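Descriptive structure summary
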Amino acid sequence: MWTYEKRLQYPVKITQCNPKLAQVIMSQFGGPDGELAASQRYLSQRYTMSNPKVAGLLTDIGTEEMAHMEMVCAIVHQLTRDLTPQQIVEGGFEKYYVDHTLGLWPQSAGGIPFTATFFQSKGDPITDLIEDMAAEQKARTTYDNILRLVHDQEVCEPIKFLREREIIHFQRFGEALRMIQDDLDCKNFYAFNPSMDKECKK
Amino acid sequence: MDGMNRDKLFACIMATSFVMDDLRLFLDTHPKDQEALDYWRKVERVRNEAVKEYTKCYGPISMYDVDVDDRWTWAEGPWPWEGRC
């Protein structure tokens, strides 16, 4: 189960609204490489992760991704709260506003709604971990893309923190993949699915 | 009990919690790393003390630490995403 702690993982305190930037950063909430997809990817995959240590890692990283989702939502919320109708129109926020007012709803920057097809849970530890490593790099690139558009230090700092976490997660998933492979026959890692074929352990 | 002390205590909780978030992932893949285990024990102690002191003076961060007196205080704001606490 989970319990809530009344704090963010890293502080978000934004004083200047910016609806244009909010629309871009929103993609890391409900977009294809966003934090909602990341958390659900890892937390779905863990049930068939054959190595208990790696199942623990998926639980812990999946949990951290939920905290990141909360940070991204806090950024979007603080960039859009108190917007006037004039600022909404000038900031190009009217198409989002008409359906959601200033509420948070998971979609990509281009308006594509969040969908479970953004991630895979394949039930094969090697396949899933390689997807996870790619996912961390895609999220890191997205944060790099966002950082090129951000000039407000108050927004920049939490985005930089989130970007760094993608690199750490990538590193840990790489180690997890090696742990899975260490239990397999190095002549052919792909001969078996370690979560299906019990005879595969060397 | 002044504002400075509150900010300092909260910053200490944020920093030590983050060290433990990062160490947790490292220890998941390096469960016998003695340096990381020592660091965990050290930071855990500092965090526990800061959380205890903060909860006593300024209210709970965790729902399990809510002090039930004449009313339920857990759902009183501000909430973390508002950027005001």
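I will try to describe carefully the structure that is included in this document. (Residues numbered from 1 in each chain as written. Chains lettered and ligands numbered in written order. Predicted model: local features only at pLDDT ≥ 70, side-chain atom pairs only at ≥ 80, totals over all residues. Heavy atoms only, no water.)

Glancing now at the packing of aromatic side chains. Within this structure, the stated rule accounts for 11 aromatic pairs over all chains. When the ring of Phe114 of chain A is compared with that of Phe118 of chain A, the centres are 5.7 Å apart and the planes differ by 80°; the resulting orientation is edge-to-face. Taking relative accessible area as the criterion, Phe114 of chain A reaches 23% and is therefore assigned partly exposed. Here Phe10 of chain B and Tyr54 of chain B contribute two aromatic rings whose centre-to-centre distance is 5.6 Å and whose plane-to-plane angle is 45°, an arrangement assigned as tilted. Separated by 44 residues along the polypeptide, Phe10 of chain B in helix H1 (residues 3-29) and Tyr54 of chain B in helix H2 (residues 34-58) bring together distant segments of the chain. Exposure class is identical for Phe10 of chain B and Tyr54 of chain B. Each is buried. Linked through ring pairs, Tyr4 of chain A together with Trp74, Trp79 and Trp81 of chain B together constitute an aromatic cluster. Stacked on the ring of Trp74 of chain B, the Lys or Arg Lys6 of chain A has its end atom at 4.9 Å from the ring centre. Against the face of Trp79 of chain B rests Lys6 of chain A, its NZ or CZ located 4.7 Å from the ring centre. (Phe/Tyr/Trp six-rings, centres within 6.5 Å; stacked < 30°, edge-to-face > 60°. Buried < 20%, exposed > 50% of the residue type's maximum accessible area, 1.4 Å probe, protein only. Helix = DSSP H or I, 4+ residues; strand = E, 2+ residues; numbered from the N terminus. Lys NZ or Arg CZ within 6 Å of the ring centre and 35° of its normal.)

All names here are of chain A. Across all of its chains, the model carries 15 salt bridges over all chains by this definition. With a shortest N-O distance of 2.6 Å, Arg7 and Glu5 are connected by a salt bridge. In this structure, the salt-bridge partner of Glu175 is Arg172, at a minimum N-O distance of 2.8 Å. Of this pair, Glu175 and Arg172 are both found in helix H8 (residues 153-182), three residues apart, which corresponds to roughly one turn of the helix. Exposure remark for Glu175: the relative accessible area of 8% places this residue in the buried category. (Salt bridge = Lys/Arg side-chain N within 4 Å of Asp/Glu carboxyl O.)

Okay, unusual backbone geometry next. Across the junction of Gly77 of chain B and Pro78 of chain B, the peptide omega takes the value 0°, indicating a cis bond. The residue Pro78 of chain B is located in the segment after H2 in this model. Despite not being glycine, Thr101 of chain A has its phi angle at roughly 50°, a positive value. Mapping Thr101 of chain A onto the fold places it in the loop between helix H6 (94-100) and helix H7 (125-149).

Let us now look at the interface of chain B and chain A. Across the boundary between the two partners, chain B contributes 30 residues, which contact 31 residues of chain A. Between chain B and chain A, the buried area comes to about 2500 Å², and carbon and sulfur atoms account for 59% of it. Looking at the side of chain B facing chain A, the largest losses of area belong to Met14, Leu25 and Trp81 of chain B, adding up to 25% of the total buried there. A salt bridge links Glu5 of chain A to Arg47 of chain B, with the shortest nitrogen-to-oxygen separation between them at 3.3 Å. Linking chain B with chain A are 10 residue pairs in polar contact (both at pLDDT 80 or more), by the criterion used here. Per-element accounting of the side of chain B that touches chain A gives the leading share, 12 residues, to H1 of chain B. Considering only residue class, the side of chain B that touches chain A consists of 16 nonpolar, six polar and eight charged. (Contact = heavy atoms within 4.5 Å. Buried area = accessible area lost by both parts, 1.4 Å probe. Polar contact = N/O pair within 3.5 Å; in protein donor to acceptor, adjacent residues only side chain to side chain. Nonpolar A, V, L, I, M, F, W, Y, C, P; charged D, E, K, R; others polar.)

Quick look at a nonpolar patch on the surface now. A grouping of Met1 of chain A together with Met63, Tyr64, Val68 and Trp72 of chain B is seen on the molecular surface, where their side chains present a nonpolar patch of about 650 Å² in accessible area. With respect to the helices, strands and loops of the structure, Trp72 of chain B is situated in the segment after H2. Classification of Trp72 of chain B by relative accessible area gives partly exposed; the value is 48%. (Patch = residues over 30% accessible without salt bridge, like charges linked within 9 Å, V, L, I, M, F, W, Y side chains within 5 Å. Areas by Shrake-Rupley, 256 points an atom, 1.4 Å probe, with all protein chains shown as cover.)

Another point: the side chain of Asp28 of chain B. With respect to the helices and strands, Asp28 of chain B occurs in helix H1. When neighbours within four sequence positions are excluded, Asp28 of chain B is seen to be in contact with Lys53, Gly56, Leu57, Asp60 and Met179 of chain A.

Let us look at H2 of chain B. Residue and element names in this part refer to chain B. The end-to-end C-alpha distance of H2 is 36 Å, a good match for the 36 Å that 25 residues give at a rise of 1.5 Å each. Within H2 the residues assigned to the buried category are Ala36, Val43, Arg47, Ala50, Val51, Tyr54, Thr55 and Tyr58. The opening residue of H2, the one whose side-chain oxygen lies 3.2 Å from the backbone nitrogen of Glu35, is Asp33. (Expected span 1.5 Å × (residues − 1).)

Considering the arrangement of structural elements, one finds Glu64 of chain A in helix H4 (residues 52-80). Of the polar contacts made by the side chain of Glu64 of chain A, one reaches the side chain of Arg165 of chain A; its length is 2.6 Å. Contacts of Glu64 of chain A, omitting those with residues within four sequence positions, involve Gln9, Arg165 and His169 of chain A together with Leu25 of chain B.

By themselves, these are just geometric observations and shouldn't be taken as functional.
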